[in-house]
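Overview (structure and organization)
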Amino acid sequence: MRDIDGTGGHRSSPGTPLSGRVAVVTGAARGVGAALAQRLSEAGMLVALVGREEQTLRRAAASLPNRSVCLEADVTDNAALEVAAHRVEDALGPASVVVANAGIAASGPFTRTAADLWRRVVDVNLVGSANTARAFLPQLETTRGHFLQIASTAAFGSAPMMSAYCASKAGAESFALALRGEVEPDGITVGIAYLHWTGTDMVADIDDHPVLRALRRNQPWFARQVHTPARVADWLAAGVIRRAPYVYAPPWLRWCQPLRPLFPAIVGRIARHEMRAHPPGELAGEVTVLGAGGRADWESHVSTPRPSPGP
């Protein structure tokens, strides 16, 4: 884990419920994480940005109006997050809001996806969320704060060629639900945010895949709309202010909750049709890590020396 100099903005937003409090956002170098850090800072919060990309983190922090600190850390490294938590408290104070946003995705057939890459997606999206909670729960207990888990509509209905991502997001949702019941007596609230199509580089890469592109094409017109990270950050920030148990981005997703038992069958039917309509070689092409942030994480992961197995 490495510290990166924070920024020294001083503008505040008096009168907002979050003014003067501390927020931690993982996966804050780009996309929704960077946009949410911006929105929370505009609401008067002191923001700690946690991510893997030093220069991108610096640029995100430089745009914030209030004081911030940047920490380059891998959310799958529990020890690094423990150190980060202490650094945040020393630099800004105890966290009142923690957003487990860090996430990556890989696209391709399960049988062609390297076991290490499949596990890496699950480690970042699920284990990384648990590590984040473990590191910052003592501070949230002190502040009687709010933990927000970023999930996805991938938890509603799993898409072929995205098995690790869908499994990890369903697991992250289940983890947050279980955590909620445990920490409520301590005054900590837990929210779950369901994100749909959001205009990040990850979604741009998904549109290059025929099956995933078809799933989007077969959705109703309003469900195909891609929302900007800034718009999604507005919905998330509003949920944080309300300490909402559920945040839907876009809001109409709340009406999908009662229909969730139907989604696996619907997604499966569309996927089977599209997979029969394309040559096998077209669908079983190269396995790819989606988005610049995901590729940066994977490249850092594979380049980091790991201990050799014992005899």
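In what follows, the accompanying structure is described. (Residues numbered from 1 in each chain as written. Predicted model: local features only at pLDDT ≥ 70, side-chain atom pairs only at ≥ 80, totals over all residues. Heavy atoms only, no water.)

Moving on: the overall build of the protein. Each helix and strand counted, the protein has 11 helices and 11 strands in total. The buried share of the protein, reckoned over its 311 residues, is 54%. Considering only residue pairs separated by 6 or more positions, the protein has 75% of its internal contacts joining residues 24 or more positions apart. For the protein, the computed accessible surface area is about 13,900 Å², with 55% contributed by carbon and sulfur atoms. (Helix = DSSP H or I, 4+ residues; strand = E, 2+ residues; numbered from the N terminus. Buried < 20%, exposed > 50% of the residue type's maximum accessible area, 1.4 Å probe, protein only. Contact = heavy atoms within 4.5 Å. Areas by Shrake-Rupley, 256 points an atom, 1.4 Å probe, with all protein chains shown as cover.)

Moving on: helix α1 (residues 31-42). A rise of 1.5 Å per residue sets the reference length of α1, with its 12 residues, at 16 Å; its end C-alpha atoms lie 17 Å apart and thus fit the reference within 8%. For α1, the full list of buried residues reads Val32, Gly33, Ala34, Ala35, Leu36, Ala37, Leu40 and Ser41. Phi turns positive, to about 100°, at Gly44, one or two residues after α1. (Expected span 1.5 Å × (residues − 1).)

We now examine empty space enclosed by the protein. Following the criterion strictly, the structure yields one cavity of 30 Å³ or more and no others. The calculated volume of the largest cavity comes to roughly 30 Å³. What lines the largest cavity is Ala106, Gly108, Thr113, Trp118, Met161, Met162, Ser163 and Ala164. Its residues assigned to classes, the lining of the largest cavity shows five nonpolar, three polar and no charged. (1 Å grid on protein atoms, 1.4 Å probe; cavity = no way out; pocket = protein on both sides within 12 Å on 5 of 7 lines; lining within 4 Å. Points joined across faces, edges and corners; volume = space filled by probe spheres on them. Nonpolar A, V, L, I, M, F, W, Y, C, P; charged D, E, K, R; others polar.)

Interaxial distance between helix α3 (residues 78-91) and helix α4 (residues 115-143) falls to 9 Å at its minimum, and their mutual angle equals 35°. With respect to the hand of their crossing, α3 and α4 are arranged in right-handed fashion. Residue-level contacts link Asn78, Leu81, Glu82, Ala84, Ala85, His86, Val88 and Glu89 of α3 to Gly128, Asn131, Thr132, Arg134, Ala135, Phe136 and Gln139 of α4. (Axes fitted to C-alpha atoms, helices over the stretch in contact; angles between N-to-C directions. Left-handed = near helix turned anticlockwise from the far one by under 90°.)

Turning next to the nonpolar core. In this structure, Val24, Phe136 and Phe147 are the most contacted members of the largest nonpolar core, which totals 58 residues. Here the element with the most residues in this core is α4; it accounts for nine residues. In this structure Phe147 touches Val98, Ala100, Ser129, Thr132, Ala133, Leu140, Leu179, Thr189, Val190 and Gly191, once residues within four positions along its chain are discounted. Among the nonpolar cores identified, the runner-up in size contains 35 residues, and Ala23, Val25, Leu49 and Val247 belong to it. (Core = buried A, V, L, I, M, F, W, Y, C linked by side-chain atoms within 4.5 Å.)

A word on unusual backbone geometry. Cis geometry is adopted by the peptide bond preceding Pro250, which originates at Ala249 and carries an omega value of 15°. Backbone geometry at Arg144 places phi at a positive 50°, although glycine is not the residue there. With respect to the helices and strands, Arg144 occurs in the loop between α4 and β8 (146-152). Not every positive phi belongs to a glycine, and Met161 is a case in point at roughly 70°. With respect to the element layout, Met161 can be found in the loop between β8 and α5 (163-183).

Honestly, it's all geometry; don't read function into it.
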